[in-house]
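# Topology and contacts: notes
Single-letter residue listing:
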Amino acid sequence: SNDSLKSVNYYVNDILLAEGEMGELLSFNWTIPAPAAYNVFAQVLHNNDSLYYSDTVSITVEPLVTSLTITSPEANSTFSETDDITISLTAEVGDFIIDSIVYIVDDTSRLAGLSGENALSYAWQQPTVGDYALHASMWLNNGDTVYSDTINLTVEPFLPSLSITSPTDNAVFTEADDIGIVLSADSGRFGIDSIVYILNDTDSLALLEGEDKLEYL
C-alpha cells in the first residue's frame, strides 16, 4: 500500500536521480535524458524504516535524429532570370524548437535569415543568371545546428519572344483590304518600350508605343 511508504528514491547507474516523498511516490517523469545506456532501479523506504529495492531494468536512450531537407525546388532544376524561386524545407526537430534558418548559395552568399513560423519557406526573387549550389542551415533552441543537403540550380537568361498571330503566313488580300496585324509578346518581367512594324526587311510601316502597340491596323 502507498500509505505504508515513507519515500521512494530513483537511481540511474547507481546515482540518485530523484527523491520522492509523499504524493506520487510510485512514478517519476525523467525529462530529456541524455543519449546513453542506463540501469534504473528504485529504493523504497517504508514507514517502519524497512528498506527495499526494485529490480533493475536496463534502458537505452538513443540520440534524436534531427534533419533539414530541401523539398522544393528539385536538384538540378533550371529557371529563367524572370522567375521567382520558391524554396521549401521540411524539418525533423523532435521536442526542440527552431530558432532560425539561413538560406545560403555557394557556401558564402546569404540569401535570407528567417525565424518564426515562416522560416521553412523563402521566395528568392529575380535571381541573376548563373549556376548555384543551394543549402540551408537551421539553429535549434538547444544550440544544435542542422544542415540540409546541397542542391544545384541553374538560372538562365530570359529570351523574350514576339510572334505574329494575325494575319497567318501566306494569307492573300486585295488592294482594297485593310490588313490588321496582331502580335503576341512574352517579355517576362520587362516592359515593352516600342514595336516597329517592318515590310521586306527595310520599309518601316509604323513605330508604336503605349498600350496598343501589339496591334497595327
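This text goes with the structure placed above it.
All values derive from a computational prediction rather than experimental measurement.

Our next topic: the overall build of the protein. Along the backbone of the protein there are zero helices and 19 strands. Considered along the principal axes of its C-alpha atoms, the protein spans approximately 120 × 35 × 25 Å. Put simply, the protein has 217 residues, and 29% of those count as buried. Per element, the accessible surface of the protein, about 14600 Å² overall, is 48% carbon and sulfur. Looking at charge distribution, the protein has the averaged site of its 4 positive side-chain charges lying 11 Å from that of its 34 negative ones.

Looking now at the nonpolar core. Among the nonpolar cores identified, the biggest contains 23 residues, and Ile87, Leu89, Ile101 and Trp124 are the most heavily contacted of them. Those elements that provide at least two residues to this core are strand E6 (67–72), strand E8 (85–92), strand E9 (98–105), strand E11 (121–124), strand E12 (130–140) and strand E14 (151–156). Counting residues per element, this core draws most heavily on E12, at five residues. Other than its neighbours up to four places away in sequence, Trp124 contacts Asp83, Asp84, Ile85, Ile87, Val105, Leu111, Tyr132 and Leu153.

Scanning all chains against the criterion turns up eight aromatic pairs. Centre to centre, the rings of Trp30 and Tyr38 are 4.9 Å apart; their planes meet at 75 degrees, and the pair counts as edge-to-face. Classification of Tyr38 by relative accessible area gives buried; the value is 11%. Here the aromatic rings of Phe158 and Phe190 are separated by 6.1 Å at their centres, their planes lie at 45 degrees, and the arrangement is tilted. Of this pair, Phe158 sits in the loop between E14 and strand E15 (161–166) while Phe190 is found in the loop between strand E16 (181–186) and strand E17 (195–199), placing the two residues 32 residues apart along the sequence. A residue is classified by how much of its surface remains accessible, and Phe158, at 13% relative accessible area, is buried.

Right, let's get into the sheet that holds strand E19 (residues 215–216). Reading across the sheet, the three strands line up as E15-E16-E19 and stay open at both edges, with antiparallel pairing between neighbours. Since the sheet does not close on itself, it has two edges, and those belong to E15 and E19, each with one partner. As paired strands, E16 and E19 are joined by two bridges and run antiparallel to one another. Bridging across to E19, Val182 finds its partner in Glu215.

Below, the discussion takes up the layout of surface pockets. Here the idea is plain: a probe the size of a water molecule rolls over the atoms and shows the empty space left. Approximately 380 Å³ is the volume attributed to the largest pocket. Taken together, 14 residues line the largest pocket, and the ones lying closest to its centre are Ile164, Ile181, Ile198, Leu199 and Leu205. Those elements that provide at least two residues to the lining of the largest pocket are E15, E16 and E17. Element by element, the count of residues in the lining of the largest pocket is highest for E17, at five residues. Along the lines of polarity and charge, the residues of the lining of the largest pocket split into 13 nonpolar, one polar and no charged.

Checked against the element boundaries, Thr90 lands in strand E8. Along the sequence, Thr90 and Leu120 sit 30 residues apart, while their C-alpha atoms lie 6.7 Å from each other. Contact partners of Thr90, with chain neighbours within four places excluded, come to Ser67, Leu68, Thr69 and Thr71.

At the junction of Ser72 and Pro73, the peptide bond is cis and its omega measures out at 5 degrees in the coordinates. Tracing the sequence through the fold places Pro73 in the loop between E6 and strand E7 (77–80). A cis amide bond links Ser166 to the next residue, Pro167, at an omega of 5 degrees. Here Asn170, not a glycine, exhibits a phi torsion of approximately 70 degrees, which is positive.

Reading guide: rules and limits
- Residues numbered from 1 in each chain as written.
- Predicted model: local features only at pLDDT ≥ 70, side-chain atom pairs only at ≥ 80, totals over all residues.
- Heavy atoms only, no water.
- Helix = DSSP H or I, 4+ residues; strand = E, 2+ residues; numbered from the N terminus.
- Buried < 20%, exposed > 50% of the residue type's maximum accessible area, 1.4 Å probe, protein only.
- Areas by Shrake-Rupley, 256 points an atom, 1.4 Å probe, with all protein chains shown as cover.
- Lys, Arg positive; Asp, Glu negative; His and termini not counted.
- Charge placed at Lys NZ, Arg CZ, Asp CG, Glu CD.
- Core = buried A, V, L, I, M, F, W, Y, C linked by side-chain atoms within 4.5 Å.
- Contact = heavy atoms within 4.5 Å.
- Phe/Tyr/Trp six-rings, centres within 6.5 Å; stacked < 30°, edge-to-face > 60°.
- Pairing = 2+ DSSP bridges.
- 1 Å grid on protein atoms, 1.4 Å probe; cavity = no way out; pocket = protein on both sides within 12 Å on 5 of 7 lines; lining within 4 Å.
- Points joined across faces, edges and corners; volume = space filled by probe spheres on them.
- Nonpolar A, V, L, I, M, F, W, Y, C, P; charged D, E, K, R; others polar.

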